[in-house]
Structures are given as C-alpha cells and as structure tokens.
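Notes for the structure review
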Amino acid sequence: MAEMLRVLGLCGSLRAGSFNRAALDFAAAHPPEGMAIEAWDGLADIPPYDDDLRQDGFPPPVERLRRAIRDADGLLIASPEYNYSIPGVLKNAIDWASHPPDQPFRRKAIALMGASPGALGAARAQYHLRQCFVFLDGLVMNVPEVMIAQAPDRFDHGELVHDPTRSFLRDTFLPAFADWIRRHGT
Ligand SMILES: Cc1cc2nc3c(=O)[nH]c(=O)nc-3n(C[C@H](O)[C@H](O)[C@H](O)COP(=O)(O)O)c2cc1C
C-alpha cells in the first residue's frame, strides 16, 4: 500500500444538485493527511446489466470502473435511498463490476455515507449495500456510520453547510476510514 491512500468516491445519484454528491465533494475537499479522494464520474455511462453483452467482454465504462476500484486503496460510497433500497444505477454498476474474474470488491476497504430529506439519512440503502458486500467480501467499515437526515436543512446550493456534519465527516469519519484502510485494506 502506498504512503498516500487513494480513495475512489462513488455517488449513487446522477442528479446535478445531489445532496449525496455534495457530501462526497465535501469529503474529497477535506481528506485527512495522507489520503486523496477522487470522485468517479462514469456512473451514467454504465449500460444496463446484460449477461449477453458481458459474453463479449466488459463494456469499456465497466472496465474503467473495475480498474479504478482495483487501483484504489479504498472505496467511499455516498448514496441516496430509493424505495428503501439501493438506487438502480448504483446497484447496476456494482453488479457489472462484481462479475468474475478478479471481482474488485474482494478485501477492498469500503466506507458508506448517505443523505436524504427524510429522518433516516438513507440508512436502509446503506444496510442493503452492506448485504451486497458480504457476498462480495468487501470490508465495509462498521462505525462510525454517516446518515445525513433532513438534507435540505444541511446543504445549500450544492454545498454541505451544516457545521456539526462537516466536523463529523472531516474530523471523525474520514480519519476513521484512513485508519480502517491502513489496518484492513489490500
Ligand atoms: C424513486 C425514488 C425513491 C425514493 N425513495 C426514498 C426512500 O425510500 N427513502 C428516502 O429517504 N428518500 C427517498 N427518496 C427521496 C430521495 O432521498 C431524495 O430525492 C434525495 O434528494 C436523493 O438524493 P440526491 O439528493 O443525492 O439525489 C426517493 C427518491 C426517488 C426519486
């Protein structure tokens, strides 16, 4: 593992004004020392999963995602919750990326965060993600958890403005993830 930890950020929302993307951008702008976080912007290019398509090889956007995950020391997912679960675009990307051979989530250090206008901060989507990563043998950090509830009160014009949440991400969550990667990452 290199001295500088490279973290790939994946947002489960394609929306320009996404709260989750804003949370991920905040994290990318405030990493702890020794960590760099880069958000991945290719989610919209991933085609719907089709096993017939896969027989001809992974489509280039999927190959790019697989490589980006493999090359990263850790994966930071910020996702909304749709209908109490994982948004289709994100689940679709995980399904593609996870296909053998060399599925890239195996033993990968992963941290989850989520934001929603409701009271639970995308908690249910995060627990469904955790379930997927049990099968994929991803190493999801247990605590601290990040559930940003009442998102419209905490973001303004695409920026996380709620000071306690900013401090929690910057001073508690991200340093804990750096430690998690150093202890468990591949
Ligand atoms: C199809 C759909 C289903 C949704 N289901 C939920 C839900 O189950 N729980 C929840 O808290 N919010 C739900 N929402 C509201 C989203 O949390 C809200 O749109 C949020 O802003 C999406 O995240 P984003 O701002 O990062 O795009 C849903 C939104 C959509 C479009």
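Up top you'll find the structure we're talking about.
Residues numbered from 1 in each chain as written. Predicted model: local features only at pLDDT ≥ 70, side-chain atom pairs only at ≥ 80, totals over all residues. Heavy atoms only, no water.

1. Topic: the overall build of the protein
Cut-off, in case you're wondering: Secondary structure follows DSSP: runs of H or I at least 4 residues long count as helices, runs of E at least 2 residues long count as strands, and numbering of each begins at the N terminus. A radius of gyration in this sense is built from C-alpha atoms; the matching globule rule multiplies 2.2 Å by the number of residues raised to 0.38. A 1.4 Å probe rolled over the protein chains alone gives each residue an accessible area, and that area as a share of the maximum for its type sets the label: buried under 20%, exposed over 50%, partly exposed in between. Every residue pair with non-hydrogen atoms within 4.5 Å of one another is taken to be in contact. Areas reported as accessible are Shrake-Rupley estimates using a 1.4 Å probe. Residue values count occlusion only from the protein chains shown. Only four residue types enter the charge count, namely Lys and Arg as positive and Asp and Glu as negative; His and the chain termini do not. Charge placement uses NZ in Lys and CZ in Arg. For Asp and Glu, CG and CD serve respectively.
From N to C terminus, the protein includes seven helices and eight strands. The globule rule puts the C-alpha radius of gyration for 186 residues at 16 Å, and the 16 Å found for the protein is close to it. The C-alpha extent of the protein, read off along each of the three principal axes, is 50 × 35 × 25 Å. Evaluated residue by residue, the protein yields a buried proportion of 52% over its 186 residues. Residue pairs in contact within the protein that sit at least 24 positions apart in sequence constitute 80% of those at least 6 positions apart. Accessible surface for the protein amounts to roughly 9000 Å². Of this, 51% is attributable to carbon and sulfur atoms. Each charge class in the protein was averaged separately, 19 positive and 24 negative side chains, and the resulting centres sit 3 Å apart.

2. As for the site of the ligand
How we decide: Nearness here has a simple test: a residue counts as near a molecule or strand if at least one of its heavy atoms is within 4 Å of that partner. Here a polar contact is taken to be a pair of N or O atoms separated by no more than 3.5 Å, where protein atoms must pair a possible hydrogen donor with a possible acceptor and residues adjacent in sequence count only if both atoms sit in side chains. By the convention adopted, Pro, Cys, Tyr, Trp, Phe, Met, Ile, Leu, Val and Ala count as nonpolar, Lys, Arg, Asp and Glu as charged, and the other residues, Gly among them, as polar.
For the ligand, the full set of nearby residues is Ser-13, Arg-15, Ser-18, Phe-19, Asn-20, Pro-80, Glu-81, Tyr-82, Asn-83, Tyr-84, Ser-116 and Pro-117. Phe-19 has a polar backbone atom sitting 2.9 Å from an oxygen atom of the ligand. Relative to its unbound accessible surface of 620 Å², the ligand loses 70% to contact with the protein. Among the residues forming the shell around the ligand, the class breakdown is five nonpolar, five polar and two charged.

3. What to know about helix H1 (residues 19-29)
Among the residues making up H1, those that are buried are Phe-19, Asn-20, Ala-22, Ala-23, Leu-24, Phe-26 and Ala-27. The backbone nitrogen of Asn-20 has a side-chain oxygen 3.1 Å away, supplied by the residue at the start of H1, namely Ser-18.

4. Some points on the side chain of Ser-18
Summarising the element assignment, Ser-18 is placed in the loop between strand S1 (5-11) and H1. On the basis of relative accessible area, Ser-18 is assigned to the buried category, the value being 4%. A distance of 3.1 Å separates the side chain of Ser-18 from the backbone nitrogen of Asn-20, its partner in a polar contact. Ignoring anything within four residues of it in the chain, the contact list for Ser-18 reads Cys-11 and Ser-13.

5. Observations concerning the pairing of strand S3 (residues 74-78)
As a reminder of what qualifies: Paired strands, as defined in this entry, are two strands with at least two bridges between them according to DSSP. Orient the strands so they point away from the viewer, and a crossover whose first-strand-to-second-strand path over the helix runs clockwise is right-handed.
With five of five residues buried, S3 lies mostly within the body of the structure. Looking at chain direction, S1 and S3 are connected through five bridges and run parallel. Its bridge partner lying in S3, Leu-10 is registered against Ile-77. Bridging between S3 and strand S4 (residues 109-115) involves five bridges; their strand directions are parallel. Bridged to Ala-78 within S4 is Met-113. As for the winding sense of the linkage, the β-α-β connection from S3 through helix H4 (residues 88-97) to S4 is right-handed.

6. Brief notes about the environment of Asp-51
Position of Asp-51 relative to the elements: it lies in helix H2 (residues 51-55). Along the chain, Asp-51 and Trp-96 lie 45 residues apart, while their C-alpha atoms are 9.2 Å from each other. Here the side chain of Asp-51 touches Arg-54 through a polar contact of 2.8 Å, side chain to side chain.

7. A few points about the pattern of salt bridges
To keep it simple, the criterion reads: We define a salt bridge as a side-chain nitrogen of Lys or Arg found within 4 Å of a carboxyl oxygen belonging to Asp or Glu.
Within this structure, the stated rule accounts for twelve salt bridges. Residue Glu-81 is joined to Arg-124 by a salt bridge in which the shortest nitrogen-to-oxygen separation is 2.8 Å. One end of the pair, Glu-81, is in the loop between S3 and H4; the other, Arg-124, is in helix H5 (residues 123-135), with 43 residues separating them in the sequence. Given a relative accessible area of 17%, Glu-81 falls into the buried group. For Arg-124, a relative accessible area of 28% puts it in the partly exposed group. Across the pair Arg-130 and Glu-145 runs a salt bridge whose closest N-O atoms are separated by 4.0 Å. Remark: Glu-145 occurs in the loop between strand S5 (139-140) and strand S6 (147-148) and Arg-130 occurs in helix H5; sequence separation between them is 15 residues. Taking the relative accessible area as the measure of exposure, Glu-145 reaches 29% and is therefore partly exposed. In the salt-bridge network here, residues are joined through shared partners; they are Arg-21, Asp-25 and Asp-41.

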